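Listed here are the chains, written in short residue letters.
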Amino acid sequence: SRLRPSRWISRGSTSGANFREMQSTDRPKVEMSDEDWFDKLGEDAFLILRSHSTEQPGSHPYNFNKKSGIYHCRGCDTPLFRSSEKYNSGSGWPSFYDNIPGAIVTKTDRSYGMVRTEILCANCHGHLGHVFPDGPEPTHLRHCVNGAALKFIAEKES
């Protein structure tokens, strides 16, 4: 087991300097009915963001995107990840070693007989994916994100 700086990983859990555990009293800043979410997102993004589904590995073009820019939440347009913090984890999903501070909240996911740390948009509480403690330096984190939960906005060329 690799040693990890306590600044990034503490008490054996997956925690980061730029996100926090969602509390049971937390309410999303953006709320809509399921019907309105479905109309806004379409079926694939709705199933992921609102129903906590997962896309097939390697199926989304963002997994291979090399352009500079910012990845936003498809549900509410909150900036979540910088392309400079994206890397090829080999997992089949877009992976980032860090997120934009305050953009992500986490909660414990006990589905499928596993215990994982789910990541959600802090603004609309849309499901993004999971974070794991096996990423590269400096955080040693891997935010494994469903591409359909994201909207990429490229940097403007000057």
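Everything that follows concerns the structure shown earlier in this document.
I will try to describe carefully the structure that is included in this document.

**Quick word on the pattern of salt bridges**
Opposite charge on two side chains permits them to pair, given that their charged atoms come into close proximity. According to the stated counting rule, one finds 4 salt bridges in the structure shown. Here R142 ties to D134 by a salt bridge, and the two come within 2.9 Å at their closest N and O atoms. Residue R142 is classed as buried on the basis of its relative accessible area of 13%.

**Looking at the packing of aromatic side chains**
Geometry of an aromatic ring pair is reported as the spacing of the ring centres plus the angle between the planes. Taken as a whole, this structure holds 6 aromatic pairs when the rule is applied. By way of ring pairs, the aromatic residues Y62, Y71, F81, F96 and F152 are connected into one cluster. A cation sits over an aromatic face here: R50 above W37, 4.2 Å from the ring centre.

**Describing the sheet that holds strand 7 (residues 116-121)**
Within the open sheet, the 7 strands sit side by side as 1-6-7-8-9-5-4. Their pairing is mixed. In this open sheet, the two strands that pair with only one neighbour each are strand 1 (19-21) and strand 4 (86-87). Inspection of the sheet shows strand 4 paired to strand 5 (residues 95-96) by 2 bridges, in the antiparallel sense. Bridge pairing in strand 5 links K86 to F96.

**A closer look at the layout of surface pockets**
There is about 150 Å³ of room inside the second largest pocket. Forming the walls of the second largest pocket are 15 residues, and the residues nearest its centre are N65, K66, K86, Y87 and N88.

What counts and how
- Residues numbered from 1 in each chain as written.
- Predicted model: local features only at pLDDT ≥ 70, side-chain atom pairs only at ≥ 80, totals over all residues.
- Heavy atoms only, no water.
- Salt bridge = Lys/Arg side-chain N within 4 Å of Asp/Glu carboxyl O.
- Buried < 20%, exposed > 50% of the residue type's maximum accessible area, 1.4 Å probe, protein only.
- Phe/Tyr/Trp six-rings, centres within 6.5 Å; stacked < 30°, edge-to-face > 60°.
- Lys NZ or Arg CZ within 6 Å of the ring centre and 35° of its normal.
- Pairing = 2+ DSSP bridges.
- Helix = DSSP H or I, 4+ residues; strand = E, 2+ residues; numbered from the N terminus.
- 1 Å grid on protein atoms, 1.4 Å probe; cavity = no way out; pocket = protein on both sides within 12 Å on 5 of 7 lines; lining within 4 Å.
- Points joined across faces, edges and corners; volume = space filled by probe spheres on them.

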